[in-house]
Structures are given as structure tokens and as C-alpha cells.
Amino acid sequence: MATTHDAHADHGPQGILKYLWSTDHKVIAQQYLWTGVAMAIIGGFMAYVFRMQLAFPGVAVPGFGVVSPGEYNALVTNHGTIMIFWVAMPVLIAAFGNFLIPLMIGADDMVFPRINRLSYQIFLLSAILILASQVVEGGGFGGAWTAYPPLSSMAEYNLTPLGSTLWVVAVGLEFVAFLLGGINFITTLMNARAPGMKAYDIPIVCWMIVMASILFMLSVGPLIAGAVMLVFDQTIGTGFFNPAMGGDPILWQHLFWFFGHPEVYVVLLPSIGVVVEIVATFARKKLFGYRLLLWTAIVIGVLSFFVWAHHQFIAGIDPRMANIFTVTTLLISIPIAELFFVVFATLYGGSIRFTTPMLWALAFIATFIIGGMTGIYLGSSGADIYLHDTYFVLAHFHYTFFPITIIGGFAAFTYWFPKMFGKMMDERLGKIHFWGTVIPFNFIFIPLFILGLGGQHRRIYNFQNFPELAAMQPVRVLATTAMLVMMGFQIFFFWNLIKTFRKGPPAGKNPWQSNTLEWTTDSPPPHGNWPADRMPKVYRGPYEYGHPDRDEDFWPQDLPPARGA
Amino acid sequence: MSKPLATTRSATGIPTGRLAVWWVLASEVVIFGGLLASYLMHRVGHPEWAEAAAATNTWIGAFNTFVLLTSSFTAVLAHQAAERGDGKKAARFLTYTIGGAATFIGVKSFEWATEIGHGFTITSNGFWSFYYTAAGLHALHVIAGAIIMGFVARDAARNRELHRVELIGIYWHFVDVVWIFLFPLLYIAK
Amino acid sequence: MTEHRHPNYRKIYFTLLVLLAVSVAGPFVGIKWVTLITAFGVAVVKANMVIQNFMHLKWEKRIAKYVLAVSLLLMALFWGGVAPDVMKHAGLRWTNDAAMAATARGIGPAHTETSAESHDAAPVAEHESVPAEPAGEEPPPVP
């Protein structure tokens, strides 16, 4: 196609239009990234408010006021919803997927740039809607992120008719945005690779993001149907989930969790991909078992469709069905453990560089293991009878989601920041931020395991109303205090950002001495990523570190083989 | 704006646009599949819904099936013409397909107006809720497909982007396939 | 760009119309099984003809066939996991009588049916060593 050389001459929109109307995958990536960061601050603020209420019930929370029970419900509901759909997914999948995939496979952009732009615009609309739902008359939806009917379907129960419908529409639009984006990622990875890049030369993080997109796309369909049914129940009085009209609330549970369970692997896989890239680079060692890891991830993806009803163990499902789902749930822990063994085996014997990204990657491993192991208790239907809907569940999923979203997110951010912005962040500030986040994190959620085992249930705004639980109040105060400390330490991150943007040292093309293709172009990459006549060709896999044939301990993918070799 | 180099590559051997359409279809299969599975579970579990189901008009449903099958036929003839490079002919067949879509929507509007007039609304009972939701979601896909097809036809008439004729055709056949299942589910299974 | 052959589209189209007629005529025979086969069997055949011939899936690379097959299999999985639960819910209390009966058979006559036990005593597992019920007669919690 003769126009491709001209394509690079077309620099894309300039000025303010660049940030609103660009189709360049790197710009779209940043749009998703900063939107995700903004939503994280909002979601984090919600957590701050409700944790203050739990530690000091009835006391006016600085920056918010007194928290009413209805507001408490809206806060916990929207904290969860926002963190999953407007922070975890946009940062890990949309932002880093958009930024990395074309660069890492040696392409000049995604294959459908305009659909890419459209996906962000729909996503932005969904973010505006979910925020709007918080401030409309009646308040934000408070029926939990799981939105079970009849609470979610009947305004006479949820008392938030506007907020509830806006919530469902916002989530539905977010789904559409990610369906569009996902098709771009999948098709780009499958088709647009650099010459010479075979399937097993693709960096793991790209595989993981694409697998996550496939998992998402295949699991969200029934829930989209369900969301349409729920909106109709809410607004026009149908009875899809109303037994009196021939409907069934349990159907919603199935529709939701058939998606809801694969969804957690949708966010887990990209995070593990990020960790793999970082570990290989900073252990200076070839990834142990590329194909093993890849096929294990595929097995996890497949198995993830077979475990969903472990969220419904005490919903009155057939106990025989509960048995089956216990078995499948325990089974899925095996390939996940496998992934971690691959990472350990890569670290073993490596020459480890403890940079800030590496610290985040290692912290991911340490904390996620705790989350994963506590999942085994919850996945056993017998134990779950006691533990369901307690703070044990909450601590379990924060020991998984927090490593995935926050720890994995910071790992990716600090690792690829030099490439995205052309500057090196301050390592000292980075390490202070790291320790100030990870240590307090444990002091927030270990207490919550204890509270959960003690019988404390979720979604209750004031435990002083329960005499048998009131005595554990010091534990709640400890958790909240740790959260305040952790939030305080985020200042170091923003300080680092501002300092680096103003006068950080230039990064150069490949500050980490990594092998993958994104490090062969300028930092930040130009429009089109490489000059049109010098698009990279690939000669080897992405993890050739410490190769005996080389003097240097890394071997970029695009270096032609030595003459005569 | 010009297409990126990435769009022209094809490591799988399938042109990028067509590969994307298969993935779009996969995502639509699970959306409609989820909705129709939910409907079927309820329908089988509620034998008393047969009374409501008896009120749908099988002849109108059959006519609309005929219309969509015919429109699929014209769509694939458009594809054949596009492959031979005859953009004008392809555009003509696509226009017939859009005409089929319009006929389908027209007949459905008349059908629904009649049913609503008889008091069968979306809130009448569970069967009717699913009936209007499923057929309505399908009709939205018909309308969206027809609009996109209009743009493709306009380009094809000028012999531009002829590969898109096949792509919108594949989507259109999928819309037809969904109706092929909706017809027995909503009209014949009484 | 033409990697595939073109079947006789006219023949396919007329076959589809004949099949449509069959599916409309089916209910007039009056036998339920005939109606089901003419309605849904014909639908499957028609859909297959459209997919293979009009969408040219017959000549498409394998990966596309796998992608579509996986989406269909997932719908089968969805049905298999959800229908047994949803279709058993009768009336406003949605009790699953079949499951309660099976659980009762598994526990044995000496114990009352509480949900704590019904999770332990799976009919498929053979262990009879169900621990003694600590609290006694509590009715199953209404979901």
C-alpha cells in the first residue's frame, strides 16, 4: 500500500484537538490511564468515607459530613463498581493494552484506530454517567455492585429510582466500550505482528491482555441481556426477575456471576502479564516456561467459566450443584499456582535488580498468594456457609483485587513511565511510596480477615448496633488508621510525578536494558512508532536474557543475527 | 485519514476486517444466546405461557422470515458482484437488502401495533416481556445493520472499499440467523 | 481476494424457502414431536446453510470456525449450569423439591433438614458420618 509512507507524514491532529480527537493508540492509552487515575481517586475517597464511618460511627467525616445508612450503602456499592469497571479495567487493559500492544508487536497503530477512539468516547460517557448517578435526586444506587433484584429492580425497595437506572446504563455502556476495544486488541495481535514475530515471540503481557479481552467478550453477553432485562424491570414494570410475574431473581444471579467470575480473571491475567515482563527484565533471566505459562493461562481462562456458582452457595441452589462448583473452584487454584511457580523459577538464579517496578512486581506475588489461598476456604461450600457475606470475603477479594489493580497498576506505571513520557522517575521517592503503600495495605486487610472470622457481616453501616460485634471496634479503628496512613503516602507518588514532569532526567530509548520492541524506539515514541521505512523485524523471542552467545546480558528482539552465526 | 500499516498485515491469513467481524459475531452470539437461553428456561418452566404464546401471528412471522432470507440472498449476490469488482451492481443488491430490512421493520411495526392494540404489551406477562425484548433487540440490530449497509453501498457505488460489502454481508447473515431461531421460539412453539 | 468458491446461491435460497414452508406446515400435523423437529430442526439446518454458504464459513480458515464454536459451546454451558436451577423454581418460595428430596435421602431419617447438613451430605458422596446436629430444629432459611 503506497499510502503507508504518507501515513507517517500525516502527524495526526495537533494542539488541543490531539487530546480530544486523536486516533493514535498512545494518546488513547493516556486518555484511559488518566481517567482511570481520576476514578481511582474518587473510588478511594469513597473508601475513606465509609471506613471513617465504620471506625467512628456517627461522627462527621472530614470532607463529607455525617454518613447516613443510605449514603453508606451507595458508597460501598459505587466504590466496588468504580474500582472494578472504571479503574482496574481501563488502567490494566485499555491503557496498557492500547499503549503496549502495537509497540510490542512492531506495528504503527491498532488496526482500527477510529473504533479505538470511539471506544474511549463511549467509556468516557459511561464514567460521566456513573458519577452523575451519585448526585441525582435520591442519591446513588446502594444495592451492592452485584445489584441483585428485587432490591435493584424495584424503586420502592432501593429508594434510588434515578440512581439505579443510571448505574445499570453506565455499566452497560462500559461493557460496550470494552467490547469495541477488545476487538481491536484481539485483531491487532492476531494479524498485525512484525515480520518474523511468530506466536511464541509475542511478549506475555500482550497475550494476557488479549486473552483477557476474549474472556470478557465471551462472558459478558448474558449479563448484557440481563442488564437490559433489569432496566426494563426498573423503568417500565416488566417482571423478568419478579416471581409474582413469572420471573426469577436467581436468574439474575446466574447471569451476573457467569460474567462476574471470568471478570476477575479478566483483570488478573493482564496484571500477571505485567509482572512477568518486569520479572524477566530485572532478574536478567529468560522466562522459565513461556509455553507452559501461556497454556496455563489458557487453561485458567477456560476453567474460569466453570466456577461461577461458588458465589451462590447459600442462595438456595441445589446442593449437588454446589458440590460440582466446589470441585471446579478448588481445581482452578492449581493452574494459578502454576503461574506463580513459573515466576519463582524465573527469579531463581537470576541477577536481581531491585528497581521500583521490580519491588511492585514482587509485592504483587507476595500479597496475591495470600488472596489466592484464602479463596480456597471460600470455594469450599461447607466453609462458605459461615464465611459468605462476612468480612472474610471482603479481605479475600481485596487481597486479590488490590494486588491486581493497585500494585500491578503501579508496577506497570513505573516500568513503562520512561517509555511513555521520556523521563525517569525518582527511585528514592518511588521506593518510599512503595513501602508506604504495601505495608499499611496489610494492616488494613489482615484485621478484616479477623473480623470476618469473628462473624462480622458485610454492608452494615454501624457495628455498634450489634452487641456481639461491638467489642471488636479497636480492630476496625486499626484498619481505618492503616488506610489513612496508606492514603497519606500516595503524596509521594504525586510529588514524584510533578517533580519528574518538571525536571526529570531524560530516559533514552532503553533505560531498563529490556528486549522487547517498545524499547527500540524513542521515548516517547513518535506518531507511527517507527519511521515507516524502518519498521522492526523480529529474529528471536522476547526473553533472551543472559544468553551465552552474547557479551551483554540482554538480546533485543529486533537485532539481526550476527553475521556468520 | 489514511489507514495504518498495521491494518494491511495479516499473520493469520484472514483479512483484518473479516477477522474482526467473526469476533463481533462471537460476542453477539453470547448476548443473544444469553437472552434466548433465559427465555427458553422460563418458557419451559412455565407451561401456562402457552396461552399467551398462542396469540402471536405465525403468518406474519413466516412472512418476515421470508423477507430476511431473501435479503440474505441479495446480500450474498452483492458480495459476489463486489468480488468481481462490479461496485455498481454490488450497491444495487445492497439496496435491495436494505429494502428488505425496511420491509421487515415495517411489517413488525404493524404487527406490534396490532398486538398492543389487543392489549398485549411488554408488561402483560412474562412471555410478552421476553417477546418484545428479544424481537426488539433483534430489530435494533436490523436497523443498525441497514444504516451501516447504506454507507457501504454508497462507497461501493463509487467502487471504493469493496471488501466491506462482504463484511456487512456476514453481519447481515448473522442477523438473519438470529431471526431463524426467533421465529420458531416466538411463533411456532405454542 | 477470492480464496473461496461460490456455491449456487440460487439453489441454496430456494432450499431455504422450502424449509421455511416445512416449518410453517409442521404444527398442522398436530403431533408435538413433529412440530418440535420441523420448527427447531429446520431452524438448525437453515442456520447452518446460511452460515456455511452465505457467510462462507465452509471455506474460511479454521480459527474463525473455532471462535464461533466456542461461543456456542459457552451458551450450552450457560444452559447446563443455569437451567437446572432456574427451571426448578416453582411458585413464590422457589423451593427446589427435587434437591430437598435428594438431600433427605442422603442424610437419613434421624436428622432434620437444615441447610447446614444439606451441604455436607451430598447424595453422590457416600460418607454417612454426618456430625450430630448442634442446635436442633431450625427450618431451612428462606432465601
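Residues numbered from 1 in each chain as written. Chains lettered and ligands numbered in written order. Predicted model: local features only at pLDDT ≥ 70, side-chain atom pairs only at ≥ 80, totals over all residues.

(A) Focus on the overall build of chain B. Looking only at helices and strands, one finds seven helices and zero strands in chain B. Looking at chain B as a whole, 55% of its 190 residues are labelled buried. Taking as baseline every contact in chain B between residues at least 6 positions apart, the subset at least 24 positions apart corresponds to 79%. (Helix = DSSP H or I, 4+ residues; strand = E, 2+ residues; numbered from the N terminus. Buried ≥ 20, exposed ≤ 12 C-beta atoms within 10 Å, placed from the backbone. Contact = placed C-beta atoms within 7 Å.)

(B) Spotlight on the overall build of chain C. Helices and strands together make up the secondary structure of chain C, namely five helices and zero strands. When the helices and strands of chain C are read in sequence order from the N terminus, they spell out α-α-α-α-α. Out of the 143 residues belonging to chain C, those deemed buried represent 26%. Partitioning the intrachain contacts of chain C with sequence separation of at least 6 by distance along the chain shows that 31% fall at a separation of at least 24.

(C) Geometry of helix 7 (residues 161-191) of chain A. An ideal rise of 1.5 Å per residue puts 45 Å on 31 residues; helix 7 of chain A measures up with 46 Å between its terminal C-alpha atoms. The element helix 7 of chain A is extensively covered by neighbouring structure, given that 25 of its 31 residues are classed as buried. (Expected span 1.5 Å × (residues − 1).)

(D) Quick peek at the nonpolar core. Counting 268 residues, the largest nonpolar core has C206 and A411 of chain A together with L94 of chain B as the members making the most contacts within it. Each of domain 1 (1-55) and domain 2 (62-87) of chain C contributes no fewer than three residues to this core. Those residues within four positions of L94 of chain B in sequence are excluded, and the remaining contacts are A78, M149, V152, A153, A156 and V165 of chain B. (Core = buried A, V, L, I, M, F, W, Y, C linked by C-beta atoms within 7 Å. Domains from an automatic or database assignment.)

(E) Quick peek at the environment of L69 of chain B. The topology assignment puts L69 of chain B in helix 4 (residues 58-83). For the pair L69 of chain B and I148 of chain B, spaced 79 residues apart in sequence, the C-alpha separation works out to 19 Å. Each residue touching L69 of chain B, except ones within four places of it in the same chain, is listed here: D176 of chain B together with Y13, L16, L17 and L20 of chain C.

(F) Structural context of the interface of chain B and chain A. In this assembly, 33 residues from chain B lie in contact with 44 residues from chain A. Contributions of two or more residues to the side of chain B that touches chain A are made by helix 1 (5-8), helix 2 (16-45) and helix 6 (126-157) of chain B. Per-class residue counts for the side of chain B that touches chain A are 15 nonpolar, 17 polar and one charged. (Nonpolar A, V, L, I, M, F, W, Y, C, P; charged D, E, K, R; others polar.)

(G) Spotlight on helix 11 (residues 319-347) of chain A. All names here are of chain A. Helix length check: helix 11 (29 residues) gives 43 Å between terminal C-alpha atoms against 42 Å at 1.5 Å per residue, within 8%. Within the sequence span of helix 11, burial applies to P319, A322, F325, T326, T329, I332, I336, L339, V342, V343 and T346. Trailing helix 11 by a residue or two, G349 shows a phi angle of about 80°, which is positive.

(H) How the structure looks around the environment of W207 of chain A. All names here are of chain A. Mapping W207 onto the fold places it in helix 8 (residues 204-235). For W207, a count of 22 C-beta atoms within 10 Å gives the class buried. Between the C-alpha atom of W207 and that of L294, which follows or precedes it by 87 residues, the distance is 7.8 Å. Contacts of W207, omitting those with residues within four sequence positions, involve I202, G273 and L294.

(I) Unusual backbone geometry, seen in detail. All names here are of chain A. That bond from P149 to P150 is cis: its omega, 0°, falls within 30 degrees of zero. The residue P150 is located in the loop between helix 5 (113-135) and helix 6 (155-158) in this model. Note that the residue after S523, namely P524, is joined by a cis bond; omega there is -10°. With respect to the helices and strands, P524 occurs in the segment after helix 17 (473-503).

(J) The arrangement of the packing of helix 10 (residues 290-303) of chain A against helix 11 of chain A in detail. Residues and elements named next belong to chain A. Here helix 10 crosses helix 11 at 160°, and the two axes come no closer than 9 Å. The angle between the axes of helix 10 and helix 11 places the two elements in the roughly antiparallel class. The crossing of helix 10 and helix 11 is left-handed. Together, L292, L293, T296, V299, I300 and L303 of helix 10 and T328, L331, I332, P335, I336, E338, L339 and V342 of helix 11 make up the contact between the two elements. Among the residues forming the contact of helix 10 with helix 11, the class breakdown is eleven nonpolar, two polar and one charged. (Axes fitted to C-alpha atoms, helices over the stretch in contact; angles between N-to-C directions. Parallel < 35°, antiparallel > 145°, perpendicular 65-115°, else oblique. Left-handed = near helix turned anticlockwise from the far one by under 90°.)

(K) Broad picture of the confidence of the model for chain C. Scored by pLDDT, chain C comes out at a mean of 75, with 66% of its residues at no less than 70. Confidence metrics for the complex model read pTM 0.92 and ipTM 0.95. (pLDDT = per-residue confidence, 0-100.)

(L) Region of the structure containing the packing of helix 3 (residues 25-55) of chain A against helix 17 of chain A. Residue and element names in this part refer to chain A. Where helix 3 meets helix 17, the closest approach of the two axes is 9 Å, and the angle between their N-to-C directions is 150°. The angle between helix 3 and helix 17 falls in the class roughly antiparallel. The chirality of how helix 3 crosses helix 17 is left-handed. Within the contact between the two elements, helix 3 uses G44, Y48, R51, M52, L54 and A55 and helix 17 uses R476, V477, A479, T480, M483 and M487. Its residues assigned to classes, the contact of helix 3 with helix 17 comprises eight nonpolar, two polar and two charged.

(M) Layout of the environment of L478 of chain A. All names here are of chain A. Mapped onto the elements of the fold, L478 is located in helix 17. For the pair formed by L478 and T356, sequence separation is 122 residues and the distance between their alpha carbons is 28 Å. Once residues lying within four places of it in the same chain are set aside, the contact partners of L478 are F443 and P447.

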